[in-house]
Amino acid sequence: IRWDGAVHEALVPSLHRLQLTRIPSMDIKIIHTGYDTEELRLAKANRNMNILRTMAPTPQKYWDMGNAYASCGQFEEAYGLYCLALVRYEKHLGPSFRDHLNYLAGKCLYDLGDYTLALARFKDSAKPDALFMRALCLEALGEAWKPTMEAYLALPEIPDTYGSHWTFMQAEGRRKLAV
């Protein structure tokens with residue numbers, strides 16, 4: 001696979017070109033350390049935003065721009081872009097893409113401290129991480145959150161999809177329950 005497009009981490013165009021419907025699992029581990037400081041991470045996000053601003057509007061552009069804004073802590077801007085993609089392209093989004101945009105919008109609301117609206121977004125998401133985020137919202141709202149976290153921890157592992165992220169989230173859930 002070679003990288004295509006303005007933001008090289010976007011694998012989807014290369015996967016489509018190779019007619020692959022999912023990322024194959026393999027024993028190769030790639031560690032990307034090019035943006036390991038806050039200064040470099042922000043520079044990368046700003047570079048990506050500048051590139052994306054020049055591109056024609058598409059749901060993927062709004063997704064990528066939202067991610068760039070979120071990585072800079074600009075959650076209101078990111079939320080607006082995720083919602084713009086959801087509204088403007090409502091009839092053209094596949095269910096998985098729509099679900100992920102909805103989840104990312106919920107993450108922005110959570111980071112902005114609007115736990116009630118974030119909880120509503122996470123309740124509408126089928127992503128496993130949404131269950132984790134629902135527990136965090138319930139905790140922040142002073143409601144019973146432990147059963148939701150326990151349900152998240154009881155989910156079967158899906159390493160082909162989430163890999164080390166799944167392991168981290170599971171460990172974080174266990175840590176919170178132990179406190």
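See the structure shown above.
All of the points below concern the structure found in this document. Note that the structure is a prediction, hence the values are computed from the model and not measured.

### Observations regarding the overall build of the protein
Next, step 1: If you tally the helices and strands in the protein, you get ten helices and zero strands.
Next, step 2: Counting helices and strands in the order they occur from the N terminus, the protein gives α-α-α-α-α-α-α-α-α-α.
Next, step 3: For the protein, the residues scored as buried account for 36% of the 179 residues in total.
Next, step 4: If you take every contact in the protein between residues at least 6 apart in sequence, the share linking residues at least 24 apart comes to 42%.

### Describing the nonpolar core
Next, step 1: The biggest cluster of nonpolar side chains holds 38 residues, and the ones touching the most others in it are Tyr82, Leu101, Phe122, Phe132 and Met149.
Next, step 2: For this core, the secondary-structure elements that each account for two or more residues are helix H2 (38-53), helix H3 (59-71), helix H4 (75-88), helix H5 (95-111), helix H6 (115-123), helix H7 (128-140) and helix H8 (146-153).
Next, step 3: Among the elements that make up this core, the one with the highest residue count is H7 (eight residues).

### A look at the side chain of Lys61
Next, step 1: With respect to the helices and strands, the residue Lys61 is situated in helix H3.
Next, step 2: No salt bridge forms around the buried Lys61; measuring N to O, its nearest opposite-charge neighbour Asp64 is 10 Å away.
Next, step 3: Engagement of the side chain of Lys61 in a polar contact is seen with the backbone oxygen of Met55, the distance being 2.6 Å.
Next, step 4: If sequence neighbours within four positions are ignored, Lys61 has contacts with Leu52, Arg53, Met55 and Ala56.

### Some points on the environment of Tyr79
Next, step 1: Here Tyr79 shows up in helix H4.
Next, step 2: A C-alpha to C-alpha distance of 5.7 Å links Tyr79 and Cys108, two positions 29 residues apart in sequence.
Next, step 3: The contact partners of Tyr79, leaving out residues within four places of it in the chain, are Ala105, Cys108, Leu109 and Arg121.

### So, the packing of H5 against H6
Two quantities define a packed helix pair, namely the angle between the axes and the distance from one axis to the other.
Next, step 1: Put simply, H5 and H6 touch, their axes get as near as 8 Å, and they point 165° apart. Viewed along their axes, H5 and H6 adopt a mutual orientation that is roughly antiparallel. For the pair H5 and H6, the sense of crossing is left-handed. Here Asn102, Tyr103, Ala105, Gly106, Lys107, Leu109 and Tyr110 of H5 lie close against H6, whose contacting residues are Tyr115, Leu117, Ala118, Arg121 and Phe122.
Next, step 2: Its residues assigned to classes, the contact of H5 with H6 shows eight nonpolar, two polar and two charged.

The rules behind each value
- Residues numbered from 1 in each chain as written.
- Predicted model: local features only at pLDDT ≥ 70, side-chain atom pairs only at ≥ 80, totals over all residues.
- Heavy atoms only, no water.
- Helix = DSSP H or I, 4+ residues; strand = E, 2+ residues; numbered from the N terminus.
- Buried < 20%, exposed > 50% of the residue type's maximum accessible area, 1.4 Å probe, protein only.
- Contact = heavy atoms within 4.5 Å.
- Core = buried A, V, L, I, M, F, W, Y, C linked by side-chain atoms within 4.5 Å.
- Lys, Arg positive; Asp, Glu negative; His and termini not counted.
- Salt bridge = Lys/Arg side-chain N within 4 Å of Asp/Glu carboxyl O.
- Polar contact = N/O pair within 3.5 Å; in protein donor to acceptor, adjacent residues only side chain to side chain.
- Axes fitted to C-alpha atoms, helices over the stretch in contact; angles between N-to-C directions.
- Parallel < 35°, antiparallel > 145°, perpendicular 65-115°, else oblique.
- Left-handed = near helix turned anticlockwise from the far one by under 90°.
- Nonpolar A, V, L, I, M, F, W, Y, C, P; charged D, E, K, R; others polar.

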